[in-house]
Amino acid sequence: MSTVAELLRLNLHGVFGNRDAAARRDAAARAYSPGVTLTDPEGTVVGPEAVLASAAALLEDAPEESVLVEDGPAYASDTTGVLPWAFGPAGAPVVRGIDLITVENGVITSLTVLLAEG
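This one's a predicted model, so the numbers in the text were calculated from it and none came from an experiment.

J.: So what's going on with the side chain of Asn-18? Which residues, and what values?
T.: Structurally, the position occupied by Asn-18 is in the loop between helix 1 (4-16) and helix 2 (21-31). Judged by its relative accessible area of 18%, Asn-18 falls in the buried class. There is a polar contact of 3.4 Å between the side chain of Asn-18 and the backbone oxygen of Gly-14. Ignoring sequence-local partners within four residues, the contact set of Asn-18 consists of His-13, Ala-23, Arg-24 and Leu-59.

See below:
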């Protein structure tokens, strides 16, 4: 069973930051509950397949040199965690945000993405 901190990083690096579709699918199978919800500025989607589609769209639309990196420490309790991140060319991110997850039984049940303003 994964910890909240491990799930934060699996979501960031294994799913949203991973350009290998098969590896993304494997990470999602370990990270998300069947009914996981993802809420971001574009709306809310439900289920691992919908989360995978969101990750694929992000990566397909981004230049190859864009990377998703941790942008500060993770904060975690037994059931909730947050992790700041940055996305764009290494050392020159074009967007920053925070992932907020809720965890039950060792998997993510909800993921909320908050983007930095400005």
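J.: Tell me about the pattern of salt bridges, residues and numbers included.
T.: Under the definition given, this model contains four salt bridges. For Asp-71, the salt bridge identified is with Arg-96, shortest N-O distance 2.6 Å. On the criterion of sequence distance, the pair formed by Asp-71 in the loop between strand 3 (66-70) and strand 4 (75-76) and Arg-96 in strand 6 (residues 95-104) is long-range, its members being 25 residues apart.

J.: So what's going on with helix 3 (residues 48-61)? Which residues, and what values?
T.: Look at helix 3: 20 Å from first C-alpha to last across 14 residues, which is about the 20 Å you get at 1.5 Å a residue. Those residues of helix 3 that fall on the buried side of the exposure criterion are Ala-50, Val-51, Leu-52, Ala-55, Ala-56 and Leu-59.

Criteria and thresholds
- Residues numbered from 1 in each chain as written.
- Predicted model: local features only at pLDDT ≥ 70, side-chain atom pairs only at ≥ 80, totals over all residues.
- Heavy atoms only, no water.
- Helix = DSSP H or I, 4+ residues; strand = E, 2+ residues; numbered from the N terminus.
- Buried < 20%, exposed > 50% of the residue type's maximum accessible area, 1.4 Å probe, protein only.
- Polar contact = N/O pair within 3.5 Å; in protein donor to acceptor, adjacent residues only side chain to side chain.
- Contact = heavy atoms within 4.5 Å.
- Salt bridge = Lys/Arg side-chain N within 4 Å of Asp/Glu carboxyl O.
- Expected span 1.5 Å × (residues − 1).

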